[in-house]
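Here is how the chains run, residue by residue.
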Amino acid sequence: MQSDEAIRSAFPGDLYDAWGDVCRRLAGAGYGDVVTDSYLNHAPELARLASPQAAIALAAIVSGLAIRAGRRAAALAPVAAITAAKHYTDAASLQEWLRLVEQVGDQAPESAAALLDQTANLVARLDARALASWVRIGLRSSNGEPERRLRFFTLEDPNARRWLLRESGEVGFLDLESRLKPYLAALWGETPPMRETPANAPEQARRRPGFDGSVLRLPAAYPGFSGSDGEKLYRAAVAHIGAHLRFSRERFPVGGLKPAQIALVSLIEDARVEQLATRELPGLRRLFTPFHAAEPSGTATAPGLFARLARALADPAYDDPDPWVQKGRRAFFEAEADWGGQQISRRIGDLLGNDLGQMRVQFDPKNYVVQPPYRDDNLGLWDFGDDDQQQSSEAEQVLSSARIREEQDDSRPPDRTETEMGDTGGRVEVIEQAHDGVLIARYPEYDYVTGREQPEWTSVKEYTPKAAANGPVARLREEHADLVARVTALIRSARVSRAERLRRQPEGEFLDMDACIEATVARRIGEAADHRIHGRYERRSRDLSVLLLLDISQSTAEKVRGSTRSVLDVERQSAALLARAMAGLGDPFAIAAFCSDKRDDVHYFRIKDFSRAYDDFVDARLDGLESGLSTRIGAAMRHAGADLARQRSYRRLLLVVTDGEPSDLDVEDRLYLVEDARKAVHHLNRFGIDTFCVGLESNAESYLGRIFGQRNAITIAAVERLTDLLPKLYLTIAR
């Protein structure tokens, strides 16, 4: 307990009495000594760091937490407030932090203590505005479920960590995953599965990449590295492990090696594979070298010497005065002719390890971290054997922090799927998943909670559409020839273009002044005046580009009520009918289809491009469409809009046909993709692209109206009406 004089200095004047009042109320409320003592001990310090008013206001928040979230959260609040006040030195930011704590205590009391536990981590990485966004995302994304909220605020939820990275401006593995895989393949032709290091791995393991021969693991983030530096670090890690995959062909037997020798053999092997890698790809040296930051220091510790040796073997410009580092460098480069074999790493590592023992330099494997940070944990370099676990346990200790418990991650798609075939034999067929999508573009996605777009958040991959011969679309011409002819006639009659000003008309909407003057002059000189002195506006030609975008998500596989046909069957027949009519008129048009498998894989199928003629092959592609996956409509519309934006027509129309509301597996908030799609529509409108949506027999009417506007969306109760309605609708909205 602080002295009365110290408390009076923290709460000067009348504020001392106010402080006394809140303390008495807390003590008399029955929250327990742990709550009252915490406030009494920390509030004066908060008054000095921030303001007496903030310290007094904290008492009400502590009281509310004690009632709703429990005594532990209430006792944590004053401690956390001190931490927050040291980072948020302006009054507005601290006030925002206090408000957020109060909000979580009210709306998610089970998570209040978890949020307060994370205070040091959060305030160090986020300013008050970013923290407010992160908290709002946590409250929203849990969909009202306390257990999921708690997982978010304890950072056990991968989405919580991902959003934390986003808000802090750091670059994380999830942001770069789609770019790192092709990067590794381009460098070394290797495509091992990549995974984020599990959140429950030891702290040291979470900071280092690793590989075990089958899976490549990368940290969720590299704290302190943001933006381009973070991406370079990830690329260096991937390039380094790729060099191991290429040049470290055998595992070293641990045998009787001591932990220091294991670390040194690993260090030499790291340097060897990087030297071989830079021979083939010299540009990698510019990627690796900047991360070697070790410098000579006064105290020769093992981690310091190891980091300096690593730099001496990688950076030709680095000069180190330490004899042990110089000996290691000399031995390594004198054996350059032997770099093609791994035994050089074992020989030099053993030599330097013995010297280290003679130097009486202590090596603590528990606190050793491989440097620089892009280098892996070397777990994949060693064979610990199966015979003598006792013998290998000490050797493993140097790498023990990198031992990662293998876990099944249900959120990831399997690299292979097993499908039971048939009912009698129980035969299992292993089918390699198709990965033929080509990444074409990345688009932002709008988060309505934070009011900001996440740049490059979705990846659109174009897949080659399958073609099926003699399908229902191919038979449309014969079976519905009369309907095709009628629709073509309707569309031919439409006039879609910029209105032209027609002059010298016998009647019209305005007087043609030039014609009037000429008529007056003719009359005064006694000639017969031309009576065509009016003008009017008229659309006399067609100037319209249309892109028809079809939703082929899994729900379109359902049968149309009272029919044997699926929703997708009706969609493609309608698309074919409209396409035949537009093709006959010469209107530029395109057809595409979409579905999605989370944000990194929005499938986009080009059925017909603007430059391609409509032919039987387009019909075959329509017939080859298959239902599947989800409906991330915002990304698909942005990609379709990019195509339309390149058309030089007077009118550009994106016509969307969907049977459901936007949804995807990685999005739990139903409004999230709705608001993103609405944002996409507004964006297209700003570029002069009109959008219209036809909703098919679904409950998504309200969402479609919100996305496209009530006048630009209709819902058809009977899906089969689409065949007849779509061309008429085209005529209506194209005028």
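Everything below is about the structure printed above this text.
Residues numbered from 1 in each chain as written. Predicted model: local features only at pLDDT ≥ 70, side-chain atom pairs only at ≥ 80, totals over all residues. Heavy atoms only, no water.

A. Highlighting the pairing of strand S18 (residues 651-658). Counting buried positions along S18 yields eight of eight residues, so the element is predominantly enclosed. Residues Arg651, Leu653, Leu655 and Val657 of S18 are buried on one face, and the alternating residues Arg652, Leu654, Val656 and Thr658, pointing to the opposite face, are buried as well. The sheet contact formed by strand S15 (residues 544-551) and S18 spans seven bridges and is parallel. If you follow leucine 550 over to S18, its bridge partner there is valine 657. What joins S18 to strand S19 (residues 689-696) is helix H27 (residues 670-686), and the crossover it makes is right-handed. (Buried < 20%, exposed > 50% of the residue type's maximum accessible area, 1.4 Å probe, protein only. Helix = DSSP H or I, 4+ residues; strand = E, 2+ residues; numbered from the N terminus. Pairing = 2+ DSSP bridges. Right-handed = clockwise from strand over helix to strand, strands pointing away.)

B. Molecular detail of the nonpolar core. If you look at the biggest cluster of nonpolar residues, it comprises 70 residues, and the most contacted ones within it are Leu218, Leu284, Phe306, Leu309, Trp324 and Trp382. Among the elements that make up this core, the one with the highest residue count is helix H15 (residues 259-280) (11 residues). Not counting chain neighbours up to four residues away, the residues in contact with tryptophan 324 comprise Leu264, Leu305, Phe306, Leu309, Leu352, Asp355, Leu356 and Met359. Counting residues in hydrophobic clusters, the runner-up holds 62 residues, among them Ala80, Ala108, Phe152 and Leu155. (Core = buried A, V, L, I, M, F, W, Y, C linked by side-chain atoms within 4.5 Å. Contact = heavy atoms within 4.5 Å.)

C. Examining helix H19 (residues 343-358) more closely. With 16 residues, H19 extends 23 Å from end C-alpha to end C-alpha; this agrees with the ideal 22 Å at 1.5 Å per step. Here H19 has its buried residues at Ile344, Ser345, Ile348, Gly349, Leu352, Gly353, Asp355 and Leu356. When H19 is viewed along its axis, its buried side chains cluster within an angular range of 160° and face the same direction. Relative to its buried face, H19 has exposed residues pointing more than 90 degrees away, namely Gln343 and Gln358. One or two steps after H19, the chain reaches arginine 360, where phi turns positive at roughly 60°. (Expected span 1.5 Å × (residues − 1). Arc of directions from axis to C-beta.)

D. How the structure looks around the sheet that holds S19. The eight strands are arranged S10-S11-S17-S16-S15-S18-S19-S20 in an open sheet whose pairing can be described as mixed. Here the strands that pair on one side only, and so sit at the sheet edges, are strand S10 (438-447) and strand S20 (713-716). Going from strand to strand, the sheet's axes swing by 25° on average, the running direction of each strand aside. Sheet analysis places S19 next to S20, joined by four bridges and oriented parallel. Opposite valine 694, over in S20, you have isoleucine 714 as the bridge partner. (Axes fitted to C-alpha atoms, helices over the stretch in contact; angles between N-to-C directions.)

E. Geometry of the packing of aromatic side chains. Tallied over the entire structure, the rule returns 17 aromatic pairs. A ring pair is formed by phenylalanine 11 and tryptophan 19, whose centres lie 4.7 Å apart and whose planes are at 20°; its orientation type is stacked. Just as phenylalanine 11 is buried, tryptophan 19 falls in that class too. Geometrically, the ring pair formed by phenylalanine 332 and phenylalanine 333 is edge-to-face, given 5.2 Å between the ring centres and 85° between the ring planes. Overall, phenylalanine 332 belongs to the buried group, its relative accessible area being 0%. A residue is classified by how much of its surface remains accessible, and phenylalanine 333, at 33% relative accessible area, is partly exposed. Taken together, the ring pairs connect Phe11, Trp19 and Tyr39 into an aromatic cluster. Above the plane of the ring of phenylalanine 589 lies lysine 608, whose end atom (NZ or CZ) is 4.2 Å from the centre. (Phe/Tyr/Trp six-rings, centres within 6.5 Å; stacked < 30°, edge-to-face > 60°. Lys NZ or Arg CZ within 6 Å of the ring centre and 35° of its normal.)

F. Region of the structure containing the sheet that holds strand S4 (residues 216-218). The strand order across the open sheet formed by three strands is S2-S4-S3, and the pairing between neighbours is mixed. The sheet is open, and its two edges are formed by strand S2 (194-196) and strand S3 (210-211), each paired on a single side. Pairing of S2 with S4, which is carried by three bridges, proceeds in the parallel orientation. If you follow glutamate 196 over to S4, its bridge partner there is leucine 218. Docked against the sheet, helix H12 (residues 173-188) engages S2 and S4, running at close to 160° with respect to S2.

G. View of a nonpolar patch on the surface. Taken together, the side chains of Ile517, Val521 and Ile525 make up a nonpolar region of the molecular surface, amounting to roughly 290 Å² of accessible area. Mapped onto the elements, isoleucine 517 comes out in helix H23 (residues 513-524). (Patch = residues over 30% accessible without salt bridge, like charges linked within 9 Å, V, L, I, M, F, W, Y side chains within 5 Å. Areas by Shrake-Rupley, 256 points an atom, 1.4 Å probe, with all protein chains shown as cover. Salt bridge = Lys/Arg side-chain N within 4 Å of Asp/Glu carboxyl O.)

H. Focus on the packing of helix H2 (residues 15-28) against helix H3 (residues 33-49). Where H2 contacts H3, the two axes come as close as 9 Å, and the packing angle between them is 160°. Between H2 and H3, the interaxial angle falls into the category roughly antiparallel. The two elements H2 and H3 cross, and the hand of that crossing is right-handed. Contact residues: H2 offers Trp19, Val22, Cys23, Leu26 and Ala27, while H3 offers Thr36, Tyr39, Leu40, Ala43 and Pro44. Looking at the contact of H2 with H3 residue by residue, the class counts come to nine nonpolar, one polar and no charged. (Parallel < 35°, antiparallel > 145°, perpendicular 65-115°, else oblique. Left-handed = near helix turned anticlockwise from the far one by under 90°. Nonpolar A, V, L, I, M, F, W, Y, C, P; charged D, E, K, R; others polar.)

I. Geometry of the packing of H15 against H19. Contact geometry for H15 and H19: axes closest at 8 Å, N-to-C directions at 135°. Looking at the two axes, H15 sits oblique to H19. Pair H15 / H19 crosses with right-handed handedness. Across from Ala260, Gln261, Leu264, Val265, Ile268, Glu269 and Arg272 in H15, the residues of H19 making contact are Ile344, Ser345, Arg346, Ile348, Gly349, Asp350, Leu352, Gly353, Asn354 and Leu356. Residue composition of the contact of H15 with H19, grouped by class: eight nonpolar, five polar and four charged.

J. Representation of the pattern of salt bridges in the model. Inspection of every chain in the model, using the stated rule, returns 39 salt bridges. Here glutamate 675 ties to arginine 678 by a salt bridge, and the two come within 3.5 Å at their closest N and O atoms. Separated by three residues within a single helix, glutamate 675 and arginine 678 lie in helix H27, roughly one turn from each other. Within this structure, Glu462, Arg606, Asp609, Asp643 and Arg646 form a network of salt bridges that share partners.

K. How the structure looks around H3. The first and last C-alpha atoms of H3 sit 24 Å apart over 17 residues, in line with the 24 Å expected at 1.5 Å per residue. Those residues of H3 not exposed but buried are Val35, Thr36, Ser38, Tyr39, Leu40, Ala43, Pro44, Leu46 and Ala47. Where H3 is buried, its residues contact helix H1 (4-10), H2, helix H4 (52-68), helix H5 (71-87) and helix H6 (91-107).

L. Fine view of the environment of phenylalanine 333. Relative to the assigned elements, phenylalanine 333 resides in helix H18 (residues 323-334). Between the alpha carbons of phenylalanine 333 and leucine 313 there is a distance of 8.1 Å; along the sequence they are 20 residues apart. Among all residues touching phenylalanine 333, those that are not within four sequence positions of it are Gln275, Ala312, Leu313 and Trp339.

M. Spotlight on the side chain of serine 459. As for its position among the elements, serine 459 is in strand S11 (residues 452-463). When sequence neighbours within four positions are dropped, the list of residues in contact with serine 459 reads Ser178, Leu439, Ala441, Arg442, Arg599, Asp600, Asp601 and Val602.

N. Quick look at unusual backbone geometry. Omega for the peptide link from glutamine 371 to proline 372 comes to -5°, which places this bond in the cis form. Among the structural elements, proline 372 can be located in the loop between H19 and strand S7 (382-383). Look at leucine 155: it is not a glycine, yet its phi comes out positive at around 65°. Considering the arrangement of structural elements, one finds leucine 155 in the loop between helix H10 (146-153) and helix H11 (158-168). You will see that arginine 504, though not glycine, has its phi angle at about 55°, which is positive.

O. Layout of the pairing of S15. Within S15, eight of the eight residues are buried, which leaves it mostly tucked inside the rest of the structure. The alternating pattern of S15 places Leu544, Val546, Leu548 and Leu550 on one face and Ser545, Leu547, Leu549 and Asp551 on the opposite face, and all of these are buried. Here S15 runs beside strand S16 (residues 589-596); their pairing, made up of six bridges, is parallel. Residue pairing in the sheet places aspartate 551 in a bridge with phenylalanine 594 of S16.

Honestly, that's just the spatial picture; any functional story needs more than this.
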